[in-house]
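A structural walkthrough
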Amino acid sequence: MSHTRKLSLARQGDRGVIVQVGGHDDEHAMELERRLLELGFVEGACVELLHEGLFGRDPIALKVDDMRVALRRHEAASLTVEFEPARAA
């Protein structure tokens, strides 16, 4: 059984597949969704949380398919991920 939750709630070592990008209707959220899609955060992409910042666990470093990207947790909240059960909290 897998667990679906926002990427912003992930911990170091968590892995999964993006199942939804965005989902909000305000203008700022739509712009963030567009930027995330351009960076490769698309439905079906594999993600792994590689590193968390020292203060407040922010920003986070992610592996998205074959590239590395850093995001703030409030940006990662726009991504819903289906996490592997062995890594899910």
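Structural notes, computed from the coordinates.

Criteria and thresholds
Residues numbered from 1 in each chain as written. Predicted model: local features only at pLDDT ≥ 70, side-chain atom pairs only at ≥ 80, totals over all residues. Heavy atoms only, no water. Helix = DSSP H or I, 4+ residues; strand = E, 2+ residues; numbered from the N terminus. Buried < 20%, exposed > 50% of the residue type's maximum accessible area, 1.4 Å probe, protein only. Contact = heavy atoms within 4.5 Å. Pairing = 2+ DSSP bridges. Axes fitted to C-alpha atoms, helices over the stretch in contact; angles between N-to-C directions. Core = buried A, V, L, I, M, F, W, Y, C linked by side-chain atoms within 4.5 Å. Salt bridge = Lys/Arg side-chain N within 4 Å of Asp/Glu carboxyl O.

**What to know about the side chain of Glu48**
Within the secondary structure, Glu48 sits in strand E3 (residues 46-52). On the accessibility criterion, Glu48 (19% relative accessible area) is buried. Setting aside chain neighbours within four positions, we find Glu48 in contact with Asp14, Arg15, Ala61, Leu62 and Lys63.

**Some thoughts on the sheet that holds E3**
Strand order across the open sheet formed by six strands is E1-E6-E2-E3-E4-E5, with antiparallel pairing between neighbours. Strands with a single pairing partner mark the edges of an open sheet, and in this sheet they are strand E1 (3-6) and strand E5 (67-71). Geometrically, the sheet is characterised by an average inter-axis angle of 40° between neighbouring strands, direction not taken into account. For E3 and strand E4 (residues 60-64), the ladder comprises five bridges, and the chain directions are antiparallel.

**Brief notes about the nonpolar core**
Ranked by internal contacts, the top residues of the largest apolar core, which has 19 residues, are Leu7, Phe41, Leu62 and Leu71. Mapped by element, the contributors of at least two residues to this core are strand E2 (15-21), helix H1 (27-39), E3, E4, E5 and strand E6 (79-83). If near-sequence neighbours (up to four positions away) are discounted, Phe41 is found in contact with Ile18, Val21, Leu36, Leu62, Val64, Val69, Leu71 and Leu79.

**Quick notes on the pattern of salt bridges**
The final tally for this structure, using the stated rule, is eight salt bridges. Close ionic contact of Asp14 with Arg5 constitutes a salt bridge, the shortest N to O distance being 2.8 Å. For the pair Asp14 and Arg5, a shared accessibility class is recorded, and that class is buried. Two residues, Glu52 and Arg57, come together in a salt bridge whose shortest N-O distance is 3.1 Å.

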